[in-house]
Amino acid sequence: MLNKKNILFVVHRYYPYPGGSEVYTQNMAEEMVNRGHEVTVLTGQHKCDRFEHNGVRVATDIQDALNRKWDLIIVHGGDVNVQNIVHLNSYSIKSPICYMLIKPSDSEVCVHGMKHANYLACSTSMDIEHCKKYGLENKIRRVRHGIPAIVINKNGHYGNYVSAGGFYPHKAMTELAAAWNASDIPEELHLYGYGMLENAPPESDRVKVFKDRPIEDIHGAIATSNGYIMNSFEEGFGLVLLEAMLFKTPWYARNIAGAKDMSRYGTVYETEEELLTKIGKPECDVGVAYAYAVANHTISSTVNDLEDILLEQEKLSW
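Quantities reported herein were computed from a predicted structural model and do not represent experimental measurements.

**Q** Can you lay out the sheet that holds strand β11 (residues 207-211) for me, pointing to particular residues and giving the numbers?
**A** What the six strands build is an open sheet, ordered β11-β10-β9-β12-β13-β14; its pairing is parallel. Pairing within the sheet leaves two strands with one partner each, and these edge strands are β11 and β14 (267-269). Between one strand axis and the next, the sheet turns by 20° as a mean value, whatever way the strands run. Relative to β11, strand β10 (residues 189-194) runs parallel, the two sharing five bridges. Within β11, the residue paired with G193 across the bridge is K211.

Structure representation (structure tokens):
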């Protein structure tokens, strides 16, 4: 049985900011607290009261945090400020480091972080191939992306399709809206977004835009839609696909990241033109997708995998 541990998560922004990194780290940290561990999140930005939320301590003093002794430092991704500082100093940090690749990067700082981390947490086949490219197979540890087991009361379908995320260029919402407007698909497309609101595509009679809506509204929209669309060119995993699966909503996604590995549980495509030919023709039964997500991709699965690393590290200290 694993003893109580003192854990530091590192992420550029934390609760209650929106976004995959922010929400994923929050869910992991709070699940760790629920299991009896002491958890701190080192971050550059947050909005927590009194530097604590739901039992998770929040720290912003990087030097102080890295000088402390932790049972494990878990770094969420790279190529952003706070995470990069840890990667650059990883060779001199005394605590063991688990680098969650999230989105493989060949940048000098991320490669440096990979080489000096104790563990490389991989969630996708892309992560694994990236580690192999640098000859670091021995550091690979499976850590599955996961989300809380959300329960939604579905009161019938509204008859539209939904996409959600930041209005950032790589999310390709503008391209999706343009393709939808040019198509003869009868249903509306509803876009839910945050950040860079000036990049939001214009509304039309067939494309509706919802800005900065609470997560409950977004979950409700996904759960009661005819399908969820992830049109991004880049993703670390695509956690919202797991939400769609738990809501028993068919998903359509560009063939990248988590969608590529979970293609048998949804519908993948390469271009907007191909997407339009597949709308309304999901390639997986939602019950099958739901069962897979529940068995493999809840936040409990994620933290089980992290605790396996903690147990391995504990045995090394015996």
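**Q** Summarise the pairing of strand β9 (residues 161-166); cite the residues concerned and give the values.
**A** Of all six residues making up β9, six are buried, and the element is well covered by its neighbours. Taken together, β9, helix α6 (residues 173-182) and β10 form a β-α-β motif whose crossover is right-handed. Alignment of β9 against strand β12 (residues 227-230), held across two bridges, turns out to be parallel. Across the sheet, residue V162 finds its bridge partner in β12, namely Y228.

**Q** Please give an account of the packing of aromatic side chains that cites residues and values.
**A** This model, assessed by the stated rule, comprises five aromatic pairs. Ring geometry for Y192 against F210: centres 4.6 Å apart, planes inclined by 15°, an arrangement best described as stacked. With Y192 in strand β10 and F210 in strand β11, this pair connects stretches of sequence that are 18 residues apart. For the residue pair Y192 and F210, the accessibility class agrees, reading buried in each case.

Conventions adopted
- Residues numbered from 1 in each chain as written.
- Predicted model: local features only at pLDDT ≥ 70, side-chain atom pairs only at ≥ 80, totals over all residues.
- Heavy atoms only, no water.
- Pairing = 2+ DSSP bridges.
- Helix = DSSP H or I, 4+ residues; strand = E, 2+ residues; numbered from the N terminus.
- Axes fitted to C-alpha atoms, helices over the stretch in contact; angles between N-to-C directions.
- Buried < 20%, exposed > 50% of the residue type's maximum accessible area, 1.4 Å probe, protein only.
- Right-handed = clockwise from strand over helix to strand, strands pointing away.
- Phe/Tyr/Trp six-rings, centres within 6.5 Å; stacked < 30°, edge-to-face > 60°.

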